[in-house]
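# Coordinates in review
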Amino acid sequence: MNHATKRRTALGSALLGLLTVIGSVVVPSTPAAALENGLAQTPPMGFNNWNSTHCRADFNEQMVRGIADLFVSRGLKDAGYTYVNLDDCWAEPNRDASGNLVPNRTRFPNGIKAVADYVHGKGLKFGIYTSAGTKTCDAQGFPGGIGHEQQDANLFASWGVDYLKYDNCGDHLGQSAQQRYTTMRDALRATGRPIVFSICEWGSNAPWDWAQPVGNLWRTTGDIEDTWGSMLNIFKANVQRSTDSQRGAWNDPDMLEVGNGGMTDTEYRSHFTLWSMMNAPLLIGADLRGASEATYAILTNRDVIALDQDGLGVQATEIADANGLHVLTKPLDDGDVAVALFNENGSTATISTTAAAAGLGNATSYRLTDLWSKAVTTTSGTISASVPAHGTVVYRVSRAGAFATPPPGTTQVSALSASLAASAYGPVEVDRSNGERAAGDGRTLTIGGTAYARGIGVHARSEVRYHLGGRCTSFQAWVGLDDETGDNGSVTMEVWAGGRQIATSGVVRGTDGARRITADVTGQQYVHLAVLPTVDGARYDHADWADATVTCA
């Protein structure tokens with residue numbers, strides 16, 4: 001059986017009868033790549049006590065209630081912080097006679113449900129902690145969840161838990177990480193209560209390759225400490241995972257240390273900015289009852305928070321890293337791009353890039369809004385700043401000058417100048433497949449044995465945007481994985497406009513033939529084409545938008 005025949009046969013046997021039609025967009029009923037609990041569509045925001053208290057006596061009911069009060073009175077709730085989460089040491093050292101976890105009688109004399117009820121009464125959500133082994137991580141060794149998954153999940157649900165952090169300590173009883181975390185996922189699902197599932201296995205077993213359908217977020221590194229070196233090392237590890245997350249399934253470089261005293265405010269601003277650029281969960285680790293005004297100012301910077309909570313859900317890509325000077329770019333759902341200039345060195349340095357390098361194009365000038373100073377400037381393309389030692393300047397970049405729009409009639413998007421073009425491996429290719437890292441090294445776009453003369457070739461995760469100027473009515477394309485990677489890979493291909501998803505291919509695999517996508521873009525300023533990796537990571541994910549056109553007035 002030749003390669004093309006195999007792909008067409010797979011399409012016929014595996015997909016016929018599994019497709020539903022919504023309007024003119026074909027959507028397969030195969031499972032989505034991310035965990036299907038509808039939660040954490042943007043990275044979770046809230047509080048966790050561990051970084052400020054560890055297992056000390058000041059971790060107790062009074063503290064948790066005080067944090068909930070401050071979320072409301074100091075504007076944190078209004079800024080988007082939602083979860084008030086307990087970490088290790090909340091339980092007694094032993095289960096009761098029925099095998100249930102027991103709240104520590106000194107720390108939580110009224111029990112956990114009373115605390116959860118208080119948090120809920122503030123319009124907030126409540127989280128708890130346990131471990132995917134026989135013991136939790138504190139040296140005292142509180143009981144873990146392995147072997148008690150459904151019992152513990154039912155107990156947590158009865159208490160009103162909205163978020164579970166599941167650690168990686170204790171005896172694993174011969175089970176793999178994927179087995180242990182999947183068992184708890186299923187137990188949480190069986191309770192019927194929506195509970196965000198945080199996988200905390202420290203990146204030890206490459207969770208980015210298997211955790212998307214298991215948890216809403218997964219740790220990519222070991223624990224953070226309140227030092228510049230720790231924060232920097234975790235940033236450098238997590239920023240490399242930019243293609244592995246998506247809405248509802250996030251890379252987690254651990255909780256915030258902002259306000260705990262081990263770094264300067266400049267360093268904390270960098271920490272907060274970098275975590276927001278990387279779509280990290282923003283879980284405050286400081287005891288807010290004694291936090292400074294500078295700490296509150298950092299944690300409530302809504303312009304920076306907006307980068308983390310952007311609906312497009314794209315983790316920033318590091319486009320430059322030389323001599324301790326870093327440039328990160330992050331496309332946003334309104335057509336803007338965030339650009340962060342980060343200086344890890346001990347002296348002030350000028351860091352520069354361009355709008356073109358950031359993936360922007362198709363404009364004669366750009367507006368730069370500094371999200372910390374709030375200063376607004378314009379540029380014809382250069383993006384530059386004098387950045388203090390250990391500091392970060394972050395701009396929201398908007399297209400301000402004249403730009404072209406598609407001509408009347410039906411036009412191939414490969415003939416247009418993209419206003420944003422980003423691809424994980426190699427550039428966005430015009431009328432060619434992705435190929436390898438070098439520009440122009442692909443071949444004729446081919447999906448399921450069918451060749452297409454026009455279109456664009458990308459590698460997931462990819463984001464490409466075309467400005468329409470409100471003049472167009474429809475977008476259409478044939479989509480799928482290019483034959484150059486054989487039967488490997490799987491992606492989801494999405495069309496966005498106006499800050500929302502307007503069409504999706506569902507999961508497409510290397511064994512599938514091309515699928516037709518059409519989308520109504522009437523009155524939209526842009527059309528945005530996203531390709532996301534799925535359960536097998538980004539390997540082999542060479543995707544084609546073949547014969548992709550827009551029809552305009």
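Note that the coordinates shown come from a computational prediction; the quantities given were computed from them, not determined experimentally.

## Regarding the packing of helix H8 (residues 228–238) against helix H9 (residues 265–277)
Interaxial distance between H8 and H9 falls to 11 Å at its minimum, and their mutual angle equals 20°. With respect to their mutual orientation, H8 and H9 come out roughly parallel. The hand of the H8/H9 crossing is left-handed. In this structure, H8 uses Trp228, Met231, Ile234 and Phe235 to contact H9, whose residues at the interface are Glu267, Ser270, His271, Leu274 and Trp275. A breakdown of the residues in the contact of H8 with H9 according to their chemical character gives six nonpolar, two polar and one charged.

## Some details on empty space enclosed by the protein
Summed over the entire model, instances satisfying the criterion amount to two cavities of 30 Å³ or more. Roughly 70 Å³ of volume is contained in the largest cavity. If you trace the largest cavity, you find it lined by Tyr163, Lys165, Ser198, Cys200, Leu217, Arg219, Asp252, Asp254, Met255 and Leu283. Among the elements of the structure, strand E6 (163–167) and strand E8 (217–219) are those that each provide at least two residues to the lining of the largest cavity. When its residues are assigned to classes, the lining of the largest cavity shows five nonpolar, one polar and four charged.

## A look at the environment of Trp250
Along the chain, Trp250 falls in strand E9 (residues 250–252). What makes Trp250 buried here is its relative accessible area of 0%. Between the C-alpha atoms of Trp250 and Arg219, which are 31 residues apart in sequence, the distance is 8.8 Å. If we ignore the near neighbours within four places in the chain, the residues touching Trp250 are Ala40, Gln41, Thr42, Pro43, Pro44, Asn216, Leu217, Trp218, Ser245, Asn279 and Gly313. At 2.7 Å, the side chain of Trp250 forms a polar contact with the backbone oxygen of Ala40.

## Concerning the sheet that holds strand E16 (residues 376–379)
Spatially, the six strands line up as an open sheet ordered E11-E12-E13-E18-E15-E16, and their pairing is antiparallel. Both edges of this open sheet fall to strand E11 (317–322) and E16, since each of them pairs with a single strand only. Averaged over all pairs of adjacent strands, the angle between strand axes in this sheet comes to 25°, irrespective of strand direction. As paired elements, strand E13 (residues 337–343) and strand E18 (residues 392–399) share six bridges and run antiparallel to each other. Counterpart to Ala338 in the pairing with E18 is Arg396.

## Some thoughts on the state of the cysteines
Counted by the stated rule, this structure contains three disulfides. Put simply, Cys137 and Cys169 are joined by a disulfide, and their sulfur atoms are 2.0 Å apart. For the disulfide bridge between Cys137 and Cys169, the dihedral angle about the S-S bond is near 100°, and by the sign convention the bridge is right-handed. Of this pair, Cys137 sits in the loop between strand E5 (125–131) and helix H6 (149–159) while Cys169 sits in the loop between E6 and helix H7 (177–191); the two residues are 32 residues apart in sequence, bridging distant segments of the chain. Assessed through its relative accessible area of 31%, Cys137 is described here as partly exposed. On the basis of relative accessibility, which here comes to 15%, the residue Cys169 falls in the buried class.

Scoring rules and cut-offs
Residues numbered from 1 in each chain as written. Predicted model: local features only at pLDDT ≥ 70, side-chain atom pairs only at ≥ 80, totals over all residues. Heavy atoms only, no water. Axes fitted to C-alpha atoms, helices over the stretch in contact; angles between N-to-C directions. Helix = DSSP H or I, 4+ residues; strand = E, 2+ residues; numbered from the N terminus. Parallel < 35°, antiparallel > 145°, perpendicular 65-115°, else oblique. Left-handed = near helix turned anticlockwise from the far one by under 90°. Contact = heavy atoms within 4.5 Å. Nonpolar A, V, L, I, M, F, W, Y, C, P; charged D, E, K, R; others polar. 1 Å grid on protein atoms, 1.4 Å probe; cavity = no way out; pocket = protein on both sides within 12 Å on 5 of 7 lines; lining within 4 Å. Points joined across faces, edges and corners; volume = space filled by probe spheres on them. Buried < 20%, exposed > 50% of the residue type's maximum accessible area, 1.4 Å probe, protein only. Polar contact = N/O pair within 3.5 Å; in protein donor to acceptor, adjacent residues only side chain to side chain. Pairing = 2+ DSSP bridges. Disulfide = S-S within 2.5 Å.

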